[in-house]
Amino acid sequence: MGYRSIFDGGILRTEFEKAGINTHFIHTIWKFAIENPNCEWNEIPSLPSAAYPLLRSKFKPLTSTFHSAIQSNDNVTTKLLVKLQNGSFVEAVIMRYDTRLGKYCGKPRPGGPRSTLCISSQVGCKMGCKFCATGTMGFKSNLSSGEIVEQLVHASRLSNIRNVVFMGMGEPLNNYASLVEAVRIMTGLPFQLSPKRITVSTVGIVHAINKLHSDLPGLNLAVSLHAPVQDVRCQIMPAARAFPLEKLMGALQAYQKNSLQKIFIEYIMLDKVNDEEQHAHQLGKLLETFQVVVNLIPFNSIGTLSQFNTSSEEKVSSFQKILRGTYNIRTTVRKQMGQDIMGACGQLVVNQTDKRSVENTSRMTDIEDFGL
């Protein structure tokens, strides 16, 4: 694999311990590398003498490079293309919000602008969800923890990142070890993101959900449910066959009991597939014993790859009213960002030449506006 990223924390820590170097210096190295991405190792002051040859022989400040960025017409969304050391590309998306547009207890929230980074955990994805562009790539490779963290490093040069959502390319829980290490790095020095500002999304990898809370307490879990019954789920999400709905709901029940946190439920609205009133009632009954926030997501076209249509606004509104009114389930409708740059939910697929511009995007609800 060549040089390792300095943000591959576990490997760096092991190498330092083998060489008898105090691991306390790792945070100093990370801070310097973030502030000086093109630095030479001998420029870092006050390290033990044994650290310099070790760093030079095995590590780079960054193994990935910031290749390009595409800005949405409304300047709210930026899609980053990042080139990895092996020549592959991944995408990450910066979404900018104004806290004052969110509501808390019926009133505008205090504060001002902030940014959320949508981050990738794999090159491609093996889940094969039929409504998602990334799935058409197939699975290429897992990212190392360093390659995950480096997306945050690149993005932080463009915007002050306050929240991170693992909703980019790949299934995060299928790259579990790298995910856990990356999140631990992000929540430690020098990044110091709060766990409650990090959200991990999954199609429902049951065995990983079962250990997530003990490994990463305090973060937000989002589940890509997308259908209230197993047969419909299998039609649109082939991977659901391996994780039956009954087992998934059991894992979520245990997770909620241990974490005492609300769970996000992501539900893509597909016309005449999962958006009828009967589906809303089935979903309501499935979730009525849980503390959840349901996020209804209008389907984003993935061009000629699409076999679905977007539900009408009337159907989405009716679906929302049933969940809210009949089952008292907090339900939001995601207003998309980044559609004109193929940076919205389900649209991430590596295409270096794609600079389509269709229309201005509207603001979506941010993680902080749910008031969890």
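Fair warning: this is a prediction, and the values are worked out from it, not measured in the lab. Along each chain, residues carry numbers from 1 onward, in the same order as the chain's sequence is written. With the structure being a predicted model, the display of local features is reserved for residues of pLDDT at least 70 and the display and counting of side-chain atom pairs for 80 or more, all residues being used for whole-chain, interface and lining totals. Computation of side-chain values covers all heavy atoms of the structure but excludes hydrogens and water.

Student: Just checking my understanding: could you explain the pairing of strand S3 (residues 65-71) for this structure?
Tutor: Side-chain positions along a regular strand alternate between the two faces of the sheet. Sheet topology places S3 next to strand S4 (residues 77-83); six bridges connect them, and they run antiparallel. Bridging from a neighbouring strand, Thr-65 pairs with Lys-83 of S4. A loop of five residues connects S3 with S4, the two strands running antiparallel in sequence, and Asn-75 in this loop sits at a positive phi of about 65°. Only strands that DSSP links by at least two bridges are regarded as paired with each other. What counts as a helix is a DSSP run of H or I of at least four residues, what counts as a strand is a run of E of at least two, and both are numbered from the N terminus.

Student: What is the right way to look at the packing of helix H4 (residues 145-156) against helix H5 (residues 176-187) in this model?
Tutor: Angle between the axes and distance between the axes are the two parameters that describe a pair of packed helices. Every axis corresponds to a line fitted to the C-alpha atoms, with the helix fit spanning only the stretch in contact, and the corresponding angles, defined between N-to-C directions, vary from 0 to 180 degrees. Viewed as axis vectors pointing N to C, H4 and H5 meet at an angle of 40°, and their least axial separation amounts to 8 Å. Judged on the interaxial angle alone, H5 and H4 are oblique. As for how H4 packs across H5, the hand of that crossing is right-handed. Note on element contacts: H5 touches H4 through Ser-178, Leu-179, Glu-181, Ala-182, Ile-185 and Met-186, opposite Ser-145, Ile-148, Val-149 and Leu-152. Each residue gets one of three labels, nonpolar for Ala, Val, Leu, Ile, Met, Phe, Trp, Tyr, Cys and Pro, charged for Asp, Glu, Lys and Arg, and polar for the others, Gly among them. Grouping the constituent residues of the contact of H4 with H5 by class yields seven nonpolar, two polar and one charged. Any angle between 65 and 115 degrees counts as roughly perpendicular, while under 35 counts as roughly parallel, over 145 as roughly antiparallel, and the rest as oblique. In a left-handed crossing the near helix is turned counterclockwise from the far helix by less than a right angle, and in a right-handed crossing that turn is clockwise. We call two residues contacting when some pair of their heavy atoms lies within 4.5 Å.

Student: Please explain the pattern of salt bridges as it appears in this structure.
Tutor: Side chains carrying opposite charge are able to pair once their charged atoms draw close together. Any Lys or Arg side-chain nitrogen located within 4 Å of an Asp or Glu carboxyl oxygen qualifies as a salt bridge. For the structure shown, the criterion picks out nine salt bridges. Two residues, Lys-31 and Glu-35, come together in a salt bridge whose shortest N-O distance is 2.8 Å. Within this pair, Lys-31 and its partner Glu-35 are both found in helix H2 (residues 25-35), separated by four residues, close to a single helical turn. A simple rule labels every residue: compare its accessible area, found with a 1.4 Å probe on the protein chains alone, to the largest value its type can have, and call it buried under 20%, exposed over 50%, or partly exposed in between. Among the residues examined, Lys-31 registers a relative accessible area of 44% and is labelled partly exposed. A salt bridge links Arg-334 to Glu-266; the shortest N-O distance between them is 3.7 Å. Taken as a pair, Arg-334 in the segment after strand S16 (330-333) and Glu-266 in strand S14 (residues 263-269) lie far apart in primary sequence, 68 residues in all. Accessibility classification places Arg-334 together with Glu-266 in one group, the buried group. Three or more residues joined by partner-sharing salt bridges are found here, namely Asp-271, Asp-275, Glu-276 and Lys-315.

Student: What should I look at first to understand the packing of aromatic side chains in this one?
Tutor: A ring pair, where both rings are aromatic, is described by two values, the distance of the centres and the angle of the planes. Classification of ring pairs uses Phe, Tyr and Trp, with its six-membered ring standing for Trp, and accepts pairs whose centres are within 6.5 Å; under 30 degrees between planes counts as stacked, over 60 as edge-to-face, and the remaining range as tilted. Applying the stated rule across the entire model yields four aromatic pairs. With a centroid separation of 5.9 Å and an interplanar angle of 25°, the aromatic rings of Phe-7 and Trp-30 are classed as stacked. A residue pair is termed long-range when its members are at least 10 positions apart, and Phe-7 in the loop between strand S1 (4-5) and helix H1 (9-18) and Trp-30 in helix H2 qualify at 23 residues. Its relative accessible area of 0% is what places Phe-7 among the buried residues. Seen from their ring centres, Phe-7 and Phe-191 are 6.0 Å apart, and the 55° between their planes marks the pair as tilted. Linking Phe-7 in the loop between S1 and H1 with Phe-191 in the loop between H5 and strand S12 (198-202), this pair joins segments that are 184 residues apart in sequence. Taking relative accessible area as the criterion, Phe-191 reaches 17% and is therefore assigned buried. Through pairs of rings, three or more aromatic residues link up here, namely Phe-7, Trp-30 and Phe-191.

Student: Before we go on, may I ask you to explain the packing of H5 against helix H6 (residues 206-215) in this structure?
Tutor: Orientation of H5 relative to H6, taken along the N-to-C sense of each, is 20°, at an axis distance of 12 Å. With respect to each other, H5 and H6 are oriented roughly parallel. For the pair H5 and H6, the sense of crossing is right-handed. On the side of H5, the interface is formed by Tyr-176, Val-180 and Arg-184, while H6 contributes Ala-208, Lys-211, Leu-212 and Asp-215. Looking at the contact of H5 with H6, its residues break down into four nonpolar, no polar and three charged.

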